[in-house]
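# Structural description and commentary
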Amino acid sequence: MGAEMFDLKNKVVLITGATGGIGGAIAHKMREAGATVVVSGRNVAKMNAEFDDSYIKIPCDLAAEGGAVELVMDTIEKCGRLDVLVNNAGITADTLLMRMTDEQFDNVINTNLRSCFKMCRAAIMPMMKQRYGRIINMASIIGVIGGPGQANYAASKGGMIAMTKSIAAEVASRGITANAIAPGFIKTPMTDVLPDELKKNYLSQIPAGRFGEPEDIANACVFLASDEASYINGQTLHINGGMGRF
């Protein structure tokens, strides 16, 4: 028998926003692939309910000053290293542009884009020292095609895609890859609250005729985290059932 593909044994994976539908699926798939998995989020009760003691749980508010650096340092202190960073923390505050407040715009940019920047910045130094790392940033199809009532969300995810390309250009020579994943419509608590009319509209645009599952995103994360994906860098992997054919 040859070596198992997508084997993450001896790899330490840190996932932000781990208590969301996609975050939880990523954590479980990474664990199945043999990784030591550190999960982080703001909701401690939810984190304890969703993950057993085979996961390392580090509560963190990424919006707090120094939160990102602290999270990376805590991970390295507990696990000895950090190999894979999955930036999955994200929120929405949808409304039409003419009604959108400065606060609604800033909150989404800060949580989705600014915290991703801070996490990448904090993780890159230890990754450069070990000359190995995988950064996976959770973007969205909305960051590419836009969406009505989502100017703030689209700006944050589009910014994340562009930032990921820049990071890849800076760190590729040190054995580090930086890629983004752009999910289409995935069944999660975040998408459950969208109006039925909007869901119906999205469904009509998906050639696969169905919404995706969190596991569809998690499987791609495991691949990008693996040694098999070592030559994939600065890319955005679209997972949307054919919705974004561009």
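Moving on, we get to the pattern of salt bridges. In total, this model carries six salt bridges according to the counting rule given. Between D7 and K9 there is a salt bridge whose closest N-O contact spans 3.6 Å. The partly exposed category is assigned to D7, whose relative accessible area is 30%. The partly exposed category is assigned to K9, whose relative accessible area is 47%. Note that K57 is salt-bridged to D53, the shortest N-O span being 3.6 Å. Of the residues examined, K57 reaches a relative accessible area of 21% and is grouped as partly exposed. When its relative accessible area of 71% is taken as the criterion, D53 is described as exposed.

Now for the side chain of T16. Mapped onto the elements of the fold, T16 is located in the loop between β1 (12-15) and α1 (21-32). Here N88 takes part through its backbone nitrogen, which lies 3.0 Å from a polar atom of the side chain of T16. Separated by 3.2 Å, the side chain of T16 and the backbone nitrogen of A89 make a polar contact. In this structure, T16 is in contact with S40, L62, L71, V86, N87, N88, A89 and M119, ignoring residues within four places of it in sequence.

Right, let's get into helix α3 (residues 67-79). Counted at 1.5 Å a residue, the expected span for α3 with its 13 residues is 18 Å, and the 18 Å between its end C-alpha atoms agrees. Listing the buried residues of α3 in full gives G67, A68, L71, V72 and T75. The arc that holds every buried residue of α3, seen down its axis, measures 135 degrees, which confines them to one face. Relative to its buried face, α3 has exposed residues pointing more than 90 degrees away, namely E70, M73 and E77. Looking at the packing, one finds that the buried side of α3 touches β1, β2 (36-39) and α4 (102-130). Looking at the residues trailing α3, positive phi occurs at G80, about 90 degrees.

About the cut-offs
Residues numbered from 1 in each chain as written. Predicted model: local features only at pLDDT ≥ 70, side-chain atom pairs only at ≥ 80, totals over all residues. Heavy atoms only, no water. Salt bridge = Lys/Arg side-chain N within 4 Å of Asp/Glu carboxyl O. Buried < 20%, exposed > 50% of the residue type's maximum accessible area, 1.4 Å probe, protein only. Helix = DSSP H or I, 4+ residues; strand = E, 2+ residues; numbered from the N terminus. Polar contact = N/O pair within 3.5 Å; in protein donor to acceptor, adjacent residues only side chain to side chain. Contact = heavy atoms within 4.5 Å. Expected span 1.5 Å × (residues − 1). Arc of directions from axis to C-beta.

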